[in-house]
Amino acid sequence: MRRGRPGALPRGTAERTLTSVETGEVGDRSVGDERAERKRTARPAPEGERREASRLWHITLSVSGAEAPLKEVRRGLEQLAHDHPFLLTSRYANDHAEIRYWEEARDLHDAAAVALRLWGEHRSTAKLPPWEIVGLEVIDRETYHQRIAEGYGLPPASPVGVHPF
């Protein structure tokens, strides 16, 4: 199973297509239908231009704002994790939260752009607090594993889920 944001591209392709989040309900397009659609809409690379392969990026998104009831913050983060199973872990308090996950993208700019849209785009559907993004860290997979091996940074998200600070 490939981890990544719904609609993320398979390795080796450079175009992103927007797709809706699959819910698994009757009537939803199958994974095969989605792949076929991506093939039909993907544009070939211009002659002489090489397509860059997608890479995995570790994202840490920090948000903060006015105090909100802890139960509501937790419920919102759990809903976000349910809607988007690519989330690894979330930590929260009544006035801030941190979300960590892996994103598949062509480069750091693409990964950061997706991460910066995450909170705002899902604020209403997951009933998240009206907090603002106050921090973003995007590092490649190699750097993430190097930090862990050297004893720096947070250890790999375990257990996965939504937890208080």
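Residues numbered from 1 in each chain as written. Predicted model: local features only at pLDDT ≥ 70, side-chain atom pairs only at ≥ 80, totals over all residues. Heavy atoms only, no water.

Trainee: Give a description of the overall build of the protein chain that names residues and reports values.
Mentor: A tally of helices and strands in the protein chain yields four helices and five strands. Counting from the amino terminus, helix and strand elements in the protein chain follow one another as α-β-α-β-β-α-β-α-β. Out of the 165 residues in the protein chain, the part that is buried amounts to 33%. Here the contacts in the protein chain between residues at least 6 apart in sequence split such that 73% fall between residues at least 24 apart. Element-wise, carbon and sulfur atoms account for 53% of the exposed surface of the protein chain, whose accessible area totals about 10,300 Å². (Helix = DSSP H or I, 4+ residues; strand = E, 2+ residues; numbered from the N terminus. Buried < 20%, exposed > 50% of the residue type's maximum accessible area, 1.4 Å probe, protein only. Contact = heavy atoms within 4.5 Å. Areas by Shrake-Rupley, 256 points an atom, 1.4 Å probe, with all protein chains shown as cover.)

Trainee: Provide a residue-level description of the packing of aromatic side chains, including the pertinent values.
Mentor: Going through the model one piece at a time under the given rule, you end up with two aromatic pairs. Here the aromatic rings of tryptophan 102 and tyrosine 144 are separated by 5.0 Å at their centres, their planes lie at 80°, and the arrangement is edge-to-face. Of this pair, tryptophan 102 sits in strand β3 (residues 96-105) while tyrosine 144 sits in helix α4 (residues 141-149); the two residues are 42 residues apart in sequence, bridging distant segments of the chain. On the basis of relative accessible area, tyrosine 144 is assigned to the buried category, the value being 6%. (Phe/Tyr/Trp six-rings, centres within 6.5 Å; stacked < 30°, edge-to-face > 60°.)

Trainee: Residues and numbers for helix α2 (residues 70-83), please.
Mentor: Taking 1.5 Å of rise per residue, the 14 residues of α2 would be expected to cover 20 Å, and the 20 Å separating its terminal C-alpha atoms lies within 8% of that figure. Within the span of α2, buried status applies to Val73, Gly76, Leu77 and Leu80. The buried residues of α2 occupy one face: seen down the axis, they fall within an arc of 95°. In α2, the exposed positions that point more than 90 degrees away from the buried face belong to Lys71 and His82. Check the buried side of α2 and you find it contacts β2 (87-92), β3, α3 (108-122) and β5 (161-164). (Expected span 1.5 Å × (residues − 1). Arc of directions from axis to C-beta.)

Trainee: Please provide a residue-by-residue account of the pairing of β3, values included.
Mentor: For β3, the tally of buried residues reaches nine of ten residues, placing the bulk of the element in the interior. Bridging between strand β1 (residues 55-64) and β3 involves ten bridges; their strand directions are antiparallel. Each residue of the ladder has a partner; that of valine 63, found in β3, is alanine 97. Bridge count between β2 and β3: five bridges; the pairing is antiparallel. By the bridge assignment, arginine 91 is partnered in β3 with glutamate 98. Following β2, the chain reverses through three residues before pairing antiparallel with β3. (Pairing = 2+ DSSP bridges.)

Trainee: Go over the confidence of the model for the protein chain, please, and point to the residues and values.
Mentor: Residues with a pLDDT of 70 or more make up 64% of the protein chain, whose mean pLDDT is 75. Confidence, read as mean pLDDT per element, is least for helix α1 (residues 31-41) in the protein chain (39) and greatest for strand β4 (residues 132-140) (97). Low pLDDT (under 50) marks residues 1-43, which in the prediction has 62 contacts with non-local residues, meaning those over four places away or in another chain. (pLDDT = per-residue confidence, 0-100.)

Trainee: Please give an account of unusual backbone geometry that cites residues and values.
Mentor: Phi angles above zero are rare outside glycine, and lysine 127 is one such case at about 55°. Under the relative-accessibility criterion, lysine 127 is labelled exposed at 59%.

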